[in-house]
Amino acid sequence: DGGITQSPKYLFRKEGQNVTLSCEQNLNHDAMYWYRQDPGQGLRLIYYSQIVNDFQKGDIAEGYSVSREKKESFPLTVTSAQKNPTAFYLCASSPTLAKNIQYFGAGTRLSVL
Amino acid sequence: AQSVTQLDSHVSVSEGTPVLLRCNYSSSYSPSLFWYVQHPNKGLQLLLKYTSAATLVKGINGFEAEFKKSETSFHLTKPSAHMSDAAEYFCVVSGFAGGTSYGKLTFGQGTILTVHP
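Residues numbered from 1 in each chain as written. Chains lettered and ligands numbered in written order. Predicted model: local features only at pLDDT ≥ 70, side-chain atom pairs only at ≥ 80, totals over all residues. Heavy atoms only, no water.

*Asks:* Would you explain the overall build of chain A in this entry?
*Replies:* In terms of helices and strands, chain A carries zero helices and eleven strands. The linear arrangement of helices and strands in chain A, starting from the amino end, is β-β-β-β-β-β-β-β-β-β-β. Taken over the C-alpha trace, chain A has a radius of gyration of 13 Å; the compact-globule value for 113 residues is 13 Å, and the two agree within 12%. With the C-alpha coordinates aligned to their principal axes, the bounding extent of chain A is approximately 35 × 25 × 25 Å. A total of 113 residues make up chain A; the buried ones form 48% of that total. (Helix = DSSP H or I, 4+ residues; strand = E, 2+ residues; numbered from the N terminus. Rg over C-alpha atoms; globule rule 2.2 N^0.38 Å. Buried < 20%, exposed > 50% of the residue type's maximum accessible area, 1.4 Å probe, protein only.)

Quick look at the structure:
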């Protein structure tokens, strides 16, 4: 089954804790993206990666970090510096940065305890 | 710069009646336009895309959209709503700026479609 897998589906963070959201794709896509979704605000871009070992900040990168050590994996860490982390996080991929029809995972809902 | 405005945050229709979800965009260059659908607690699924070919674009599940450059609009329609169409719909614009290779997606704020029996 080809697609994008995000885990976990639900995640809880304690104050001062870093948490990591997983995103794996088997579509052989070069480009990957992380979005944050808040009610009534659409999707906002956190980070994107064009290729392995390369990534760029999006519109709301503060308090987040990413890595791209393998083509199929693009984990997102929500750090303790992110003061309002409660949101629905969506990972996406596209064949390249230019061929940007993006395919989305099912999302991870992060809440603060 | 590019932006997207979805003119209705909520639309309510009866099953079997037409659906119209409105979207206006602005872009400094020839854009690509998309409609995505999201069911509760799910990821986004591509409904249809416009990439400068035919101005009337047909998508999945009976949806279609018409690109009108003069009105900078890309409204989504369906002749007859089904209960399973109840979801949130996002209009999205993509374009290249300043010689970059990144076709950044800009999302509208979403329209929640409710379908009544």
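Don't stop here, the text continues.
*Asks:* Would you explain the pattern of salt bridges in this entry?
*Replies:* Where charged atoms of side chains with opposite charge meet at close range, the side chains can pair. Applying the stated criterion to the full structure yields six salt bridges over all chains. In this structure, A:Asp38 engages A:Arg36 in a salt bridge whose closest nitrogen and oxygen atoms are separated by 2.8 Å. Of the residues examined, A:Arg36 reaches a relative accessible area of 4% and is grouped as buried. One salt bridge connects B:Lys78 with B:Asp85, and the closest N-O pair in it is separated by 2.8 Å. (Salt bridge = Lys/Arg side-chain N within 4 Å of Asp/Glu carboxyl O.)

*Asks:* Got a minute to help me understand the sheet that holds strand E1 (residues 4-7) of chain A in this structure?
*Replies:* Sheets are built from strands that pair by backbone hydrogen bonding, the pairs being arranged parallel or antiparallel. All names here are of chain A. An order of E1-E3-E8-E7 is seen for the four strands of this open sheet, with the pairing classed as antiparallel. Every other strand in the sheet has two partners, leaving E1 and strand E7 (64-66) as the edge strands with one partner each. Here the average twist between neighbouring strands, direction ignored, is 20°. Pairing of strand E3 (residues 19-25) with strand E8 (residues 76-78), which is carried by three bridges, proceeds in the antiparallel orientation. For Thr-20, the partnering residue across the bridge sits in E8 and is Thr-77. (Pairing = 2+ DSSP bridges. Axes fitted to C-alpha atoms, helices over the stretch in contact; angles between N-to-C directions.)

*Asks:* Just checking my understanding: could you explain empty space enclosed by the protein for this structure?
*Replies:* A water-sized probe rolled over the atoms picks out the places where empty space is left. One pass over the full model with this rule turns up one cavity of 30 Å³ or more. In this model, the largest cavity occupies a volume close to 40 Å³. For the largest cavity, the full set of lining residues is A:Lys9, A:Tyr10, A:Phe88, A:Ala106, A:Gly107, A:Arg109 and B:Asn41. (1 Å grid on protein atoms, 1.4 Å probe; cavity = no way out; pocket = protein on both sides within 12 Å on 5 of 7 lines; lining within 4 Å. Points joined across faces, edges and corners; volume = space filled by probe spheres on them.)

*Asks:* For this particular structure, what's the right way to read the interface of chain A and chain B?
*Replies:* Where interface size is quoted, it is often the accessible area lost as the parts come together. With 23 residues of chain A at the contact, the number on the chain B side is 21 residues. Here chain A and chain B share an interface that buries about 1,800 Å² over both sides, 54% of which is from carbon and sulfur atoms. Linking chain A with chain B are zero salt bridges. At the boundary of chain A with chain B, the tally comes to three residue pairs in polar contact (both at pLDDT 80 or more). At the level of secondary structure, the elements contributing two or more residues to the side of chain A that touches chain B comprise strand E4 (31-37), strand E5 (43-51) and strand E9 (87-94) of chain A. A total of four residues in the side of chain A that touches chain B trace back to one element, the largest contributor, which is E5(A). Residue composition of the side of chain A that touches chain B, grouped by class: twelve nonpolar, eight polar and three charged. (Contact = heavy atoms within 4.5 Å. Buried area = accessible area lost by both parts, 1.4 Å probe. Polar contact = N/O pair within 3.5 Å; in protein donor to acceptor, adjacent residues only side chain to side chain. Nonpolar A, V, L, I, M, F, W, Y, C, P; charged D, E, K, R; others polar.)

*Asks:* Sorry, what's going on with the state of the cysteines here?
*Replies:* Linking two cysteines covalently through their sulfur atoms gives a disulfide. For the structure on display, the rule yields two disulfides over all chains. Residue pairing for A:Cys23: its cysteine sulfur links by disulfide to A:Cys91, the two sulfurs lying 1.9 Å apart. Every disulfide takes its handedness from the sign of the S-S torsion; for A:Cys23 and A:Cys91 that torsion is -75°, giving left-handed. Separated by 68 residues along the polypeptide, A:Cys23 in strand E3 and A:Cys91 in strand E9 bring together distant segments of the chain. Between the sulfur atoms of B:Cys23 and its disulfide mate B:Cys91 the distance is 2.0 Å. Its S-S torsion of approximately -70° makes the covalent link between B:Cys23 and B:Cys91 left-handed. On the criterion of sequence distance, the pair formed by B:Cys23 in strand E4 (residues 23-27) and B:Cys91 in strand E10 (residues 87-95) is long-range, its members being 68 residues apart. (Disulfide = S-S within 2.5 Å.)

*Asks:* Just to check I follow, could you spell out the environment of B:Gly110 for this structure?
*Replies:* Structurally, B:Gly110 can be placed in the loop between strand E11 (104-107) and strand E12 (111-116). Sequence separation of B:Gly110 and B:Leu56 is 54 residues, and the distance between their C-alpha atoms is 21 Å.

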